[in-house]
Amino acid sequence: MPAARGDGDAPDLAALRRLAVATLDGNWEHDHTVPSRTLYPHQWSWDSAFVAVGLAHVRPARAWRELGSLFAAQWADGRVPHIVFNPALRPGSYFPGPEFWDSARAEGAPAAATSGLVQPPVHALAAWLAHRRAPSDAGRAALARLYPRLVAQQRYLGRARDVGGGGLACLVHPWESGLDNSPAWDAPLARVPADAAVMRAYRRHDTAHADAAHRPTDLDYARYVALVDAYRDGRYRDDGLAGAHPFLVECPLFNTALGLAEHALARIAAEVGGDPGPHRERAARITAALLDRLYDPATGVFHPRDLRTGRLLPARTALGLAPLALPDLPGRQVATVLAEACSPRFGLAARMDRPLPSHDRTADDFEPLRYWRGPSWMNLGWLLWRGLRTHRRPDLAAGLRESMIGLVATAGCHEYFHPDTGAGLGSPAFAWTAALLLDVLAGG
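Residues numbered from 1 in each chain as written. Predicted model: local features only at pLDDT ≥ 70, side-chain atom pairs only at ≥ 80, totals over all residues. Heavy atoms only, no water.

Chemist: Explain the overall build of the protein chain to me, please; I cannot follow it from the model alone.
Modeler: In terms of helices and strands, the protein chain carries 16 helices and 12 strands. Relative to its length of 444 residues, the protein chain is compact, with a C-alpha radius of gyration of 20 Å against a globular reference of 22 Å. For the C-alpha atoms alone, the extent of the protein chain along its principal axes is close to 60 × 50 × 50 Å. For the protein chain, restricting intrachain contacts to residue pairs at least 6 apart in sequence, the fraction spanning at least 24 positions comes to 71%. In the form shown here, the protein chain has an accessible surface area of approximately 16100 Å², with 52% of it arising from carbon and sulfur atoms. (Helix = DSSP H or I, 4+ residues; strand = E, 2+ residues; numbered from the N terminus. Rg over C-alpha atoms; globule rule 2.2 N^0.38 Å. Contact = heavy atoms within 4.5 Å. Areas by Shrake-Rupley, 256 points an atom, 1.4 Å probe, with all protein chains shown as cover.)

Written out as structure tokens, the structure reads:
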């Protein structure tokens, strides 16, 4: 539902804060937060990280429980699964559910039923921000307990997933990017043999709760299923990926998160008695690898690299703006990425007429209603907002902040928003929208 507007149609910030807190409280599930009560009834990896950032402002003990419960399901190899399933829910309450992933058959899987995929590693950043937002002895102890698990997560991604050998982690599925059906993945996905008719054997949970015209198509889902089948059949091992797996892509946002994690781990190490030096060195190497492998001087932005063809993928999506969040991104690339962000493709400005889209709004395949193919998302705005402040563009940061607040003031804490009108789309009462709103309202 729409949140409050104050006098003169300005957002009522106190009412927005109450709405965000109520949304997070309503989505709390014994030791974690569900993204929403309708579409997503389990625990999702990067959702929990974003939620912890917001909870630190209002329920700091819960922020640490949120991260702790997620990392309790970490695999022995260090991967943090993108879904941790709630065993109290009936079978079939979500597709693809635990029986589809069959994680128990994989070596090193935890006792809890999980998926075998990962999501962008924003967790170290979330842990550091949670500590900084609400410092306490209990929080510092939780941070110290989490630190080796965060290091193990980075080690897994930096070693097992560096399939291209250039110092970046690769995705084995679009779901790992967090931007499930982004146009960035169209070309590599098109090579995955699949038939939409395969989906007749399954009941999609998402289209039962949201308009099918707003969600990935059945053909998309058939390809997603085929990729999981291939990975699961190998028991989620990574040692044979280069030779057989049909989808291998290095993603700018995912590897930006990998670099941000090392910057955060350097700060965490200094806080808990570790050595920040190796983390700083790895952060510098990741930024250098991003520049070497994913930056295109012709477009001035970053693009995913398809490891099957060796080529950069041409779609100009919000993924290409993500490296702006890195504090060590060189000034030349900061300037060219900002030029892209401020262009008609994305419309970033000190006073924004429309929300930031997830895909180039001038492109022929821009879809304002369909998931990651155009709509505006709070988490993408939040990452870019942090980058703008880091790189000393308070004018643009203020414009983006006002735009993000305006979305929730108009439409409530929706999952995502129409990139022209700001209307709420997807699930209502969405947790990371509420959590990141709290951080934005507090000024970060």
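There's plenty left to go through after this.
Chemist: Mind showing me how you'd approach the pattern of salt bridges here?
Modeler: Pairs can form between side chains of opposite charge once their charged atoms are near each other. As enumerated under the stated definition, the model contains 24 salt bridges in all. Between R345 and E340 there is a salt bridge; the shortest N-O distance is 3.4 Å. Accessibility expressed as a relative area gives 25% for R345, which makes it partly exposed. Using a relative accessible area of 5% as the deciding quantity, one classes E340 as buried. One network of salt bridges, in which partners are shared, links D77, R79, R161, E176 and D238. (Salt bridge = Lys/Arg side-chain N within 4 Å of Asp/Glu carboxyl O. Buried < 20%, exposed > 50% of the residue type's maximum accessible area, 1.4 Å probe, protein only.)

Chemist: Explanation requested: helix α14 (residues 378-390) in the structure shown.
Modeler: Given 3.6 residues to a turn, an α-helix orients residues that are three or four positions apart in the same direction. When the terminal C-alpha atoms of α14 are compared, their 18 Å separation across 13 residues agrees well with the 18 Å that a helix rising 1.5 Å per residue should span. Along α14, the residues classified as buried are M378, N379, L380, G381, W382, L383, L384, W385, R386, G387 and L388. Of the surrounding elements, those touching the buried residues of α14 are α2 (45-58), α5 (123-133), α11 (252-272), α13 (331-342), α15 (394-411) and α16 (431-441). The positive-phi residue at the C-terminal boundary of α14 is R392, with phi of around 60°. (Expected span 1.5 Å × (residues − 1).)

Chemist: Before we go on, may I ask you to explain α2 in this structure?
Modeler: If you check α2, its first and last C-alpha atoms are 21 Å apart, about what 14 residues at 1.5 Å a residue would give, namely 20 Å. In the structure, α2 departs most strongly from a straight axis at A52, where the bend amounts to approximately 25°. Counting buried positions along α2 gives 13 out of 14 residues, so the element sits mostly inside the fold. (Bend = angle between axes of the 7 residues up to and from the residue.)

Chemist: What am I meant to see in the environment of E29 here?
Modeler: Locating E29 in the fold gives a position in strand β1 (residues 28-29). In the structure, E29 is positioned 379 residues away from V408 in sequence and 23 Å away in space, judged by C-alpha atoms. Sequence-distant contacts of E29, that is, excluding residues within four places in its chain, are made with V34, R37 and N86.

Chemist: How should I be thinking about the side chain of D47 in this particular structure?
Modeler: Structurally, D47 is set in helix α2. Beyond its immediate chain neighbours, meaning those up to four positions away, D47 contacts P35, Q119, F430 and W432.

Chemist: Please explain the sheet that holds strand β9 (residues 305-306) as it appears in this structure.
Modeler: Backbone hydrogen bonds hold the strands of a sheet together, and the pairing may be parallel or antiparallel. Judged by pairing direction, the sheet is antiparallel, and its four strands sit side by side in the order β5-β6-β9-β10 without closing on themselves. A strand with exactly one partner marks an edge of an open sheet, and here the two such strands are β5 (170-171) and β10 (311-312). With two bridges joining them, β5 and strand β6 (residues 249-250) adopt antiparallel strand pairing. The residue of β6 that forms the bridge with C170 is E250. (Pairing = 2+ DSSP bridges.)

Chemist: It is not clear to me how the environment of R62 should be interpreted in this structure. Could you clarify?
Modeler: Summarising the element assignment, R62 is placed in helix α3 (residues 60-71). Between the C-alpha atom of R62 and that of G166, which follows or precedes it by 104 residues, the distance is 38 Å. If near-sequence neighbours (up to four positions away) are discounted, R62 is found in contact with D25, W28 and L55. Of the polar contacts made by the side chain of R62, one reaches the side chain of D25; its length is 3.1 Å. (Polar contact = N/O pair within 3.5 Å; in protein donor to acceptor, adjacent residues only side chain to side chain.)

Chemist: Can you walk me through the packing of helix α1 (residues 13-27) against α16 in this structure?
Modeler: Each pair of packed helices can be described by the angle between their axes along with the distance between the axes. For the pair α1 and α16, the least separation of the axes is 9 Å and the interaxial angle reads 140°. Judged by the angle between their axes, α1 and α16 are oblique. Here α1 runs over α16; the crossing is left-handed. Between α1 and α16, the residues in contact are L13, L16, R17, A20, V21, T23, L24 and N27 and A431, A434, A435, L437, L438 and L441, respectively. Residues belonging to the contact of α1 with α16 are distributed by class as follows: 11 nonpolar, two polar and one charged. (Axes fitted to C-alpha atoms, helices over the stretch in contact; angles between N-to-C directions. Parallel < 35°, antiparallel > 145°, perpendicular 65-115°, else oblique. Left-handed = near helix turned anticlockwise from the far one by under 90°. Nonpolar A, V, L, I, M, F, W, Y, C, P; charged D, E, K, R; others polar.)

Chemist: Could you clarify how one ought to interpret the packing of aromatic side chains in this entry?
Modeler: Given two aromatic rings, their pairing is described by the distance between the two centres and the angle made by the two planes. All told, the structure shown has 25 aromatic pairs when counted by the stated rule. Taking 5.3 Å as the distance between ring centres and 50° as the angle between the ring planes, the aromatic pair formed by W46 and F50 counts as tilted. Here F50 and W46 lie together in helix α2, a separation of four residues that amounts to about one turn. Assigned by exposure class, W46 and F50 land together as buried. Ring geometry for Y371 versus Y416: centroids 5.7 Å apart, planes at 70°, classification edge-to-face. Of this pair, Y371 sits in the loop between α13 and α14 while Y416 sits in strand β11 (residues 416-417), placing them 45 residues apart in sequence. We note that Y371, like Y416, is buried. In textbook terms, an aromatic cluster arises when at least three aromatic residues are bridged by ring pairs, as seen for Y40, W44, W46, F50, Y94, Y371, W372, W377, W382, Y416, F430 and W432. The cationic tip of R232 hangs over the ring face of F100; the distance from NZ or CZ to the ring centre is 5.1 Å. (Phe/Tyr/Trp six-rings, centres within 6.5 Å; stacked < 30°, edge-to-face > 60°. Lys NZ or Arg CZ within 6 Å of the ring centre and 35° of its normal.)

That is the geometry; function is a separate question.
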